[in-house]
Structure formats: structure tokens, C-alpha cells
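# Residue-level structure breakdown
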Amino acid sequence: PALQTKRLLLTRTIPRRGTYLLGPIRITSSFPLGMVRWRYDVPEKDKAHVVVHPPIGQMQFLGRQRLGIKGAGEGKPNASLLEGVDEFRGVRDYRPGDPARLVHWRSTAKRGSLVVRELDPAAGRGILLVTLLVPSARGTERAITETLLSFVSTVVVDVSKDPTLALTLLIVGKEPALVRGNISSTRVSSYLRALALAEPTTDPNDIEQARRLLRETDTRDRRYWLASLAGIAPEGRPAWGPLPTRRTLQPIVLNASAGDLDPLWIPPPLSDGPTPSPSDLQTVQNSTSTAG
């Protein structure tokens, strides 16, 4: 009717992770008598971009124990993983999700708005998670790639429950990506977006580009996790050699093709529709969805 609003809800199942452009969108009307048909095409700039991240499973107690992740009600993690002291870098404006203990009250009083201390995380609180998407010489099934990315996404979400942890995620694949910082439920979407767009590669240039990405960062991570499709490059040699890290413990290597992931997590259930995101991701559901 004239001068009134009509609200429509369209439900769409997106079968695979990635980025999608919703459209084209066309609005038509023949009000009031159906004699004239009016049409309006929504401009490109107003169309909605949706990022569908890999489905999220659930970490098992054994998985948290293997990776040294502190889970709710599981007591304190190994003291050897908490060595070092955070170094003071400066102050910045408060962002949602910042711990209250980091508020710098003197600067807050001067500015009249919340200011927090920005810290360089100690080596003991840093995690380097390398996702190696390099198939073996025999090739790797697509299902294993999707399982690996789903597992890594589950680990990222689990780690985000501790906002004091710093996580560096390096994806070695087609168009390598690196995401680094203090992870929390408000920043987890940056990591999930990179995993949503990840694809396998057999190009040596991609591997070398990933090495350069890591060399350009001040890697002070104490824990090093390597999650790989197979662990062997097409040429039959190790696909990933020594990493330029400091004070890093013995790496934990997880080979998806060998079934190393199975005892560590509960994969997400398969369904005909999208799987809801866990409660930790409620704050980022405007920009990400979970693949079914």
C-alpha cells in the first residue's frame, strides 16, 4: 500500500565457505491499479557481501591438553607455557573486549575517555599456528582440505576464549595470508575470514611468499602448531623447513591425511542448512556466517 513499508525475508543456504555477493536485487511494483509497472535495481555499492567461514566443531579435552590450551574448569595450564612478562608498548583508546585490568586510569582522566595500555605479549603467551595447504604427491581429497580448515577454525575459536593470548595464523596456500594480534571474540572474524578464503597450492612461489610474510613479523611466539594436509610436498621433500622464530618450543605437527585430528575434536554435524555459530561468535555474526 502507498506510504507503507513492506519487509521481506529471504532464506538462502550457501553450501560452501567463501565470499559471496548477494544480488542482483530488483524491486518492482504495479501499485495501485496494475496499469503501470515500476522497477528499481539496487546499485552495486549497496549489495551485501557475505563471508561464510568453515563450520565450527568442538575441541575435546585431549585436544586442549595436546595443544596446551586452558579450558573452562580444567585448572591452570602448564607453567612452562606461561613464561615471560608482557612488555609495555604505549596507550590507545579502549576497544570493546579489552580487559578491564589494562585500563590506564591516569590517561583516562586526562582524556575524559577510556584509555588502555597496549602490551607486547611475552613469548610465553604467543602461539604460531601454521596451516599448510600443500597436497601430497598423490594428491589430497577436497574433503580433507575442508576438514583441516574446519579444525583450524575450531582451534581459533577455542583460543579466542582467552583474550590475553596472542595468535599468529599463517596460511600457506594459494595467495598466502597472515593474521596476527591479541585474539578475542571481537577479533576472531579476521582469522575466520582468512580461513574462509584459503585454497591449496602446489606452487613453490606461494610457499616462498608465505616464508617472507613470516620473516617480516617480529615472531616471539612460544608455541608452534603446524596443521597440514599431508606434510610432504609434491617433490617428495618436506614442504616447510625451519621457521625464523625465537624461543619456540618443539612444534606440534598434525597431519590431517594421517588422521591426527580425529581424537582432538568433535567435527560439526552435517546438515541441510547452515550450522549456527557458537555463542562466542555472536558479536561478529553481522559479518560472518557458518557454512552448513
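Scroll up for the structure.
None of the values given here were measured: they were computed from a predicted structure. (Residues numbered from 1 in each chain as written. Predicted model: local features only at pLDDT ≥ 70, side-chain atom pairs only at ≥ 80, totals over all residues. Heavy atoms only, no water.)

### Focus: the overall build of the chain
From N to C terminus, the chain includes 5 helices and 14 strands. Expressed as a percentage of its 292 residues, the buried residues of the chain come to 40%. Expressed as a percentage of contacts within the chain between residues at least 6 apart in sequence, the contacts between residues at least 24 apart total 75%. Approximately 16800 Å² of the chain is accessible, and the part contributed by carbon and sulfur atoms is 53%. (Helix = DSSP H or I, 4+ residues; strand = E, 2+ residues; numbered from the N terminus. Buried < 20%, exposed > 50% of the residue type's maximum accessible area, 1.4 Å probe, protein only. Contact = heavy atoms within 4.5 Å. Areas by Shrake-Rupley, 256 points an atom, 1.4 Å probe, with all protein chains shown as cover.)

### Notes on the pairing of strand E9 (residues 166-172)
Most of E9 is tucked away, with 7 of its 7 residues classed as buried. Neither face of E9 is left uncovered, since the one carrying Ala 166, Thr 168, Leu 170 and Val 172 and the one carrying Leu 167, Leu 169 and Ile 171 both have all their residues buried. Where strand E8 (residues 126-132) meets E9, 7 bridges bridge the pair, whose relative direction is parallel. The partner of Val 130 across the bridge, within E9, is Leu 170. Inspection of the sheet shows E9 paired to strand E10 (residues 177-182) by 6 bridges, in the antiparallel sense. Bridging across to E10, Thr 168 finds its partner in Arg 180. Taken together, E9 and the strand that follows it, E10, pair antiparallel across an intervening segment of 4 residues, in which Glu 175 is found at a positive phi of about 55 degrees. (Pairing = 2+ DSSP bridges.)

### Focus on the nonpolar core
Among the nonpolar cores identified, the biggest contains 36 residues, and Phe 151, Val 152, Val 156 and Trp 225 are the most heavily contacted of them. Mapped by element, the contributors of at least two residues to this core are E8, helix H3 (142-159), E9, helix H4 (188-196), strand E11 (223-228) and strand E12 (252-255). A total of 8 residues in this core trace back to one element, the largest contributor, which is H3. Not counting residues up to four positions away in its chain, the partners in contact with Val 152 are Leu 129, Thr 131, Leu 169, Leu 195 and Ala 227. Grouped together as the second largest cluster of nonpolar side chains are 11 residues, Leu 128, Val 134, Leu 170 and Leu 226 included. (Core = buried A, V, L, I, M, F, W, Y, C linked by side-chain atoms within 4.5 Å.)

### Looking at the sheet that holds E8
Strand order in the open sheet formed by 5 strands is E10-E9-E8-E11-E12, and the pairing between neighbours is mixed. What marks the edges here is a single partner per strand, and that holds for E10 and E12. Taking the axes of each pair of neighbouring strands and ignoring which way they run, one obtains an average angle of 10 degrees across the sheet. Set on the sheet, H3 makes contact with E8, E9, E11 and E12; between it and E8 the angle comes to about 170 degrees. Across the sheet, helix H5 (residues 204-215) touches E8, E9 and E10, and the angle it forms with E9 is around 160 degrees. (Axes fitted to C-alpha atoms, helices over the stretch in contact; angles between N-to-C directions.)

This is a description of form; function is not addressed.
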